[in-house]
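Given next are the chains, with one letter for each unit.
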Amino acid sequence: MKIEDLRNIYTNSRVDLIELGGESIYYAEEKVEEGHNSLFLLEYNRRTKRERVVTNYILNDPSFVHHYFAFPSEILMVTEDGGSEVWILALEKESGHERRMARLSLLGSFCGCTALDSSRLLLWTKENDGVKELFSTYRRLTGQERVCYLYDLDEERYWFVRDPRLISATPEDIVPCQAEDAAQLLVLEPHGDEAEKEKCYRNRRWLGDNVKDSVWLCPLLDLVVSLKAGEPRAPMELVLSTGTSGLLRYAGMDAEGLYFRAKYFPDEDERIIEFRRRDGAKQAVCRLPQRENSRLLFLQGGSSAPFRAYVVEDRGDFCRCEGVFRASLTLDVSKELGEPIACVEDRYLVARYILADDKDSFEFHTVLDAKTGSQQSYECRCAVSGPTVVLY
């Protein structure tokens, strides 16, 4: 495990991490400098322990929210205030140069975005007072509450998306990935949250067997071509699906596969399903224990570590964290240290405790070593990526 502490680099500012991994950490810092609200995009070199300014901006309106998407040589930044105006910038990591910049005026109010690659994004809007009549007509014709757009920075234009699977998706339901040696897009189509799906199962007598959770996969290039052509359904392949009696949820990925949690309500049988990247094969790889007062903790492996799964069980004054898939750690954690949020190298457990009242909020993280029994606490935010813990 390697701990990178960024707290000594900045003071009196708001920091958002953009990318962890490799030799560099990229992050955004908002602060007041020379009387101006400023935004800095920065690179921290983990080898030299030095910070470099990639680029910076004066924020004329600090109410705008920034969304960041990192790619090998660029960072996409989407800036919005919840209205119809959206700014999109493609920034080169090495030089800070703005490769592309676009200002969009969309129908309705911004309600989400995700990047498909370094040039193309999906954006969603919802009804506002200025377009009520237009959205009423749109709902009547499509049955959809939101509008989805594909925007291409290189072509400097957008297309309305017609596929209902993408229109109704959230940004978290769109997962870019590599499968079978090509850029792919994983599209998750869950029915509500887990409680809603289980409620549907209890009411299946009236609802029938077609209340589905589905997972779709599509080559990214094929998806983009289809959306630009205005096709009503993109050429996605259905890779996993369950009806009213089951639950299917995305769990994570690593270099070998994509992983899903599948549950069959009639007998409470719950398993991890692996979708192998190289050939598309699917198999159940682990049966998950069913315990009261417990939850599952899934950790993505990325390119350098395996996907792992743990069960966190409430045992009164403490929680027990136990590895159940590709993990052997068993560790009891006092509730005074908070809630377990990550395990590193199947040895170190990270717990988070938030102390808050009506005015202030304080966040604490503790790293516990299951081998030596030692622990170290920090008052700060924390992020974990593979073997790296970042304090900021």
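Definitions and limits used
Each chain carries its own residue numbering, running from 1 in the direction its sequence is written. Where local features are concerned, this predicted model is filtered to residues with pLDDT of at least 70; where side-chain atom pairs are given and counted, the filter is 80 or more; whole-chain, interface and lining totals use all residues. Processing note: side-chain calculations cover all non-hydrogen atoms of the structure and skip hydrogens and water entirely. Each residue's exposure class comes from its accessible area (1.4 Å probe, protein chains only) as a fraction of the maximum for that residue type: buried when under 20%, exposed when over 50%, partly exposed otherwise. Segments assigned H or I by DSSP are reported as helices when at least four residues long, segments assigned E as strands when at least two residues long, and all are numbered from the N terminus. Think of the arc as the fan of directions from the helix axis to the C-beta atoms. A contact between two residues is defined here by any heavy atoms of the two lying within 4.5 Å. Definition of a polar contact: a pair of N or O atoms within 3.5 Å, with one able to donate and the other able to accept a hydrogen when the atoms are protein atoms, and with sequence-neighbouring residues admitted only if both atoms are side-chain atoms. Of the grid points, spaced at 1 Å and generated over the protein atoms alone, those admitting a 1.4 Å probe that cannot get out make up cavities, while open sets with protein on both sides within 12 Å along at least five of seven lines make up pockets; any residue with an atom within 4 Å of a point is treated as lining. Grid points are joined across faces, edges and corners, and a volume is the space filled by probe spheres set on the points. Think of it as three bins: nonpolar holds Ala, Val, Leu, Ile, Met, Phe, Trp, Tyr, Cys and Pro, charged holds Asp, Glu, Lys and Arg, and polar takes everything else, Gly as well. Pairing between two strands is assigned when DSSP locates at least 2 bridges connecting them.

Caption draft 1: Structural context of helix H3 (residues 194-202). Those residues of H3 not exposed but buried are Lys 197, Cys 200 and Tyr 201. Buried residues along H3 cover an arc of 100° about the axis, so they all sit on one side. The exposed residues of H3 that point more than 90 degrees off its buried face are Ala 195 and Arg 202. Those residues of H3 that are buried lie in contact with helix H4 (204-207), strand E16 (213-219), strand E17 (237-242) and strand E18 (246-253). Measuring from the side-chain oxygen of the N-cap residue of H3 to the backbone nitrogen of Ala 195 gives 3.3 Å; that N-cap residue is Asp 193.

Caption draft 2: The environment of Leu 186, seen in detail. Within the secondary structure, Leu 186 is located in strand E15 (residues 182-189). The buried category is assigned to Leu 186, whose relative accessible area is 1%. Excluding residues within four positions of it along the chain, Leu 186 makes contact with Asp 173, Ile 174, Val 175, Cys 177, Val 215, Trp 216, Leu 217, Tyr 250, Leu 258 and Phe 260.

Caption draft 3: Representation of the layout of surface pockets within the structure. When its volume is computed, the second largest pocket comes out at roughly 330 Å³. Forming the boundary of the second largest pocket are 13 residues, of which Ile 58, Leu 59, Asn 60, Thr 79 and Trp 87 lie nearest the centre. Elements with a minimum of two residues in the lining of the second largest pocket: strand E5 (50-58), strand E7 (74-80) and strand E8 (85-92). Class assignment of the residues belonging to the lining of the second largest pocket gives a composition of nine nonpolar, three polar and one charged.

Caption draft 4: Structural view of the pairing of strand E9 (residues 98-105). Pairing of E8 with E9, which is carried by seven bridges, proceeds in the antiparallel orientation. Within the sheet, the bridge partner assigned to Leu 91 lies in E9 and is Glu 98.

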